[in-house]
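# Results of the structural survey
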Amino acid sequence: MNQIISATSALTPEGRLAPYWVRISGERILEVGHGAPPRSPDLHISQGVLSPGFVDAHAHGGGGATFASEEEAQTVLTAHRRSGTTTMLASLVSASLDTLLAQTEALRPLVESGELAAIHWEGPWLDTAHRGAHDETVLSTPSPAAVTALLDHPASELVNYVTVAPELPGGIEAVERLSTSGISVGIGHTGASCSTTREALAAGAVCGTHLFNAMKGLHHREPGAVLPLLQTPGVFLELICDGVHVHPDMIRFAWESAAQNGGPQRIVLVSDAMAAAAATDGDYTLGGLDVRVRQGVARLVTPDGGEGAIAGSTLTLAEAVRYSIVEAGITAEHALTAATSSPARMVGLDEVGKLLPGAFADLVVLDEQWSVGQVMYRGEWIQDDSSCFH
Ligand SMILES: [Zn+2]
């Protein structure tokens, strides 16, 4: 099917909101243009703001499911897709290397069919003191042998993002070897000092995994990972913009710092969603740990039944975009870029996150309140079920 979608306000490849049109053929964008669209019987004028479909580089679940199996993963993908996330990485929480390799292989059919973009290993090479909702008993160090076990395994071709605490024994060498192998390395769940973080960035790390969360705070005598991550041009900064993980003033501060050091396009919105995203409050698990979700906030359940660490979010990227614009005062151009082209670049995906010829025809239309209205996935509008869009 050949169709032209036009909008008076669309996120252009230059990162601005302006009149723009895309011609779609099959599941790809064939042709694009600024300004008024060509006359055509296949022209569809979009009423809202047109954006590429959202790219979520860090999510553990949604729709009540996790990435524990191919079937469950399909539920996660469908739940997020309805709210505009047309590209996802499956984030796996810490486990033994054998378990992670098996979980990764189990998702191979979805990666090979293109339903899932790739796999993200959030661990197991994380700092115990900054483990957040990761199971302490399965954390390990990135020894040369452990890194080899990943890189020499066929599953490594499915993994394109790994989060590492670089201060662990073997950490810097691991960052270097993973980066050289084409895997994007994120610094996260870390107690790294400022200087170790700079070493890791020099060794090839490309981002901060959920900046501010599960790392040392920005302290004047001990700046930790946050300062060098903010200051280094070219380094991407993941933010969980749900109103729980990061204060809106800190969200603005991160964006301003990025803008002063390389550009606002360094910010990457991630959901870090667990199973309750696009689902209801209740009791869930994350990597084998019990999680209780109340009023959309996910927390570990402590042994005495109390509330523990924050355990992921219940966000969708659509909600993160809306929160950034409405609550944190970020411009729509910057928020949409942070949900589309920036995550795609962070994890090396070049067919998504942009309205350019050759890219997949994944589109989102947002209304004046910055809520997602319509979603196109691979050239097809997803059936409009307005109850899903909030
Ligand atoms: Zn995390």
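## Topic: the coordination of the zinc ion
- Within the protein, the atoms that donate to the zinc ion are E122 (OE), H189 (NE2) and H210 (NE2), at distances of 2.0 to 2.2 Å.
- Written as a sequence motif, the donor arrangement for the zinc ion is E-x66-H-x20-H. Placement of the pair is E122 in strand 10 (residues 118-122) and H189 in the loop between strand 12 (184-187) and helix 6 (194-202), with a sequence separation of 67 residues. In this structure, E122 and H189 share a single accessibility class: buried.

## What about helix 9 (residues 317-326)?
- Most of helix 9 sits out of view: seven of its ten residues are buried.
- Turning to helix 9, its buried residues number three or more, namely L317, A318, A320, V321, Y323, S324 and I325.

## Thoughts on a nonpolar patch on the surface
- Taken together, the side chains of L218, M250 and F253 present a nonpolar region at the surface, about 220 Å² in accessible area.
- Along the polypeptide, F253 turns up in helix 8 (residues 248-260).

## Comments concerning the packing of helix 4 (residues 144-151) against helix 5 (residues 171-180)
- Contact geometry for helix 4 and helix 5: axes closest at 10 Å, N-to-C directions at 20°. In terms of orientation, helix 4 and helix 5 fall into the roughly parallel class. As for the relative orientation of helix 4 and helix 5, their crossing is right-handed in sense. Residue-level inspection shows P144, V147, T148, L150 and L151 of helix 4 in contact with helix 5, the latter providing E173, A174, R177 and L178.
- Of the residues assigned to the contact of helix 4 with helix 5, the class counts are six nonpolar, one polar and two charged.

## Observations concerning the domain arrangement of the chain
- For the chain, the domain assignment lists domain 1 (2-51 + 356-388) and domain 2 (54-346).
- If you average the C-alpha positions of domain 1 and of domain 2, the two centres end up 28 Å apart.
- Contact residues are listed per partner, giving 19 residues for domain 1 and 19 residues for domain 2.
- Carbon and sulfur atoms make up 69% of the area that domain 1 and domain 2 hide from each other, which totals about 1,500 Å².
- Scanning the region where domain 1 abuts domain 2 turns up zero salt bridges.
- Linking domain 1 to domain 2 there are zero residue pairs in polar contact (both at pLDDT 80 or more).
- Broken down by secondary-structure element, the contributors of at least two residues to the side of domain 1 that touches domain 2 are strand 5 (49-52), strand 20 (363-366) and strand 21 (372-377).
- If you tally residues by element for the side of domain 1 that touches domain 2, the top one is strand 21, at four residues.
- Taken together, the residues of the side of domain 1 that touches domain 2 break down into twelve nonpolar, four polar and three charged.

## Thoughts on the packing of aromatic side chains
- Tallied over the full model, the rule gives one aromatic pair.
- Considering the side-chain rings of W121 and W125, the 6.4 Å spacing of their centres and the 55° angle between planes classify their relative orientation as tilted. Comparing W121 with W125, the two get one shared label, buried.
- Over the ring of F360 we find R28, and its NZ or CZ is 4.0 Å from the ring centre.
- Over the aromatic face of Y377 sits the side chain of R81, whose NZ or CZ is 3.8 Å from the ring centroid.

## Brief notes about the pattern of salt bridges
- Taken as a whole and judged by the stated rule, the model has twelve salt bridges.
- Among the ionic pairs, R81 bridges to E115, the shortest N-O distance being 3.5 Å. Taken together, the residues span a long stretch of sequence, with R81 in helix 1 (residues 70-81) and E115 in the loop between helix 3 (108-112) and strand 10 at a distance of 34 residues.
- Take R81: its relative accessible area is 11%, and that puts it in the buried class.
- Each of E105, R108, E112 and E157 takes part in one network of salt bridges that share partners.

## Description of the sheet that holds strand 9 (residues 85-93)
- Pairing within the open sheet is parallel, and its eight strands lie in the order 6-9-10-11-12-13-14-15. The two strands at the open ends of the sheet, each matched to only one other strand, are strand 6 (54-56) and strand 15 (267-269).
- One ladder, built from two bridges, connects strand 12 with strand 13 (residues 207-208); its direction is parallel. Across the sheet, residue I187 finds its bridge partner in strand 13, namely G208.

## Side note on the sheet that holds strand 18 (residues 297-301)
- A sheet is described by the order of its strands in space; here four strands give the open sequence 16-17-18-19, paired in antiparallel fashion. Both edges of this open sheet fall to strand 16 (282-286) and strand 19 (307-310), since each of them pairs with a single strand only. Here the average twist between neighbouring strands, direction ignored, is 45°.
- Note: strand 18 against strand 19, two bridges, orientation antiparallel. Residue V301 lies in a different strand from strand 19, and its bridge partner there is E307.

## Concerning the environment of L356
- Within the element layout of this structure, L356 appears in the loop between helix 11 (341-346) and strand 20.
- In this structure L356 comes out as partly exposed when scored by relative accessible area, which is 30%.
- The sequence separation of L356 and P52 amounts to 304 residues, and the corresponding C-alpha distance is 9.5 Å.
- Residue contacts for L356: discarding those within four places in its chain leaves P13, Y20, I29 and V32.

## Things to note about the nonpolar core
- Residues F54, L116, I119, W121, W125 and L211 are the most contacted members of the largest nonpolar core, which totals 96 residues.
- Both domains that meet at this core, namely domain 1 (2-51 + 356-388) and domain 2 (54-346), each give it at least three residues.
- Counting residues in each nonpolar core, the second largest holds 14 residues, with I5, Y20, L363 and M376 among its members.

About the cut-offs
Residues numbered from 1 in each chain as written. Predicted model: local features only at pLDDT ≥ 70, side-chain atom pairs only at ≥ 80, totals over all residues. Heavy atoms only, no water. Donors = N, O, S within 2.8 Å, 3.2 Å for Na, K, Ca; no water. Helix = DSSP H or I, 4+ residues; strand = E, 2+ residues; numbered from the N terminus. Buried < 20%, exposed > 50% of the residue type's maximum accessible area, 1.4 Å probe, protein only. Patch = residues over 30% accessible without salt bridge, like charges linked within 9 Å, V, L, I, M, F, W, Y side chains within 5 Å. Areas by Shrake-Rupley, 256 points an atom, 1.4 Å probe, with all protein chains shown as cover. Salt bridge = Lys/Arg side-chain N within 4 Å of Asp/Glu carboxyl O. Axes fitted to C-alpha atoms, helices over the stretch in contact; angles between N-to-C directions. Parallel < 35°, antiparallel > 145°, perpendicular 65-115°, else oblique. Left-handed = near helix turned anticlockwise from the far one by under 90°. Contact = heavy atoms within 4.5 Å. Nonpolar A, V, L, I, M, F, W, Y, C, P; charged D, E, K, R; others polar. Domains from an automatic or database assignment. Buried area = accessible area lost by both parts, 1.4 Å probe. Polar contact = N/O pair within 3.5 Å; in protein donor to acceptor, adjacent residues only side chain to side chain. Phe/Tyr/Trp six-rings, centres within 6.5 Å; stacked < 30°, edge-to-face > 60°. Lys NZ or Arg CZ within 6 Å of the ring centre and 35° of its normal. Pairing = 2+ DSSP bridges. Core = buried A, V, L, I, M, F, W, Y, C linked by side-chain atoms within 4.5 Å.

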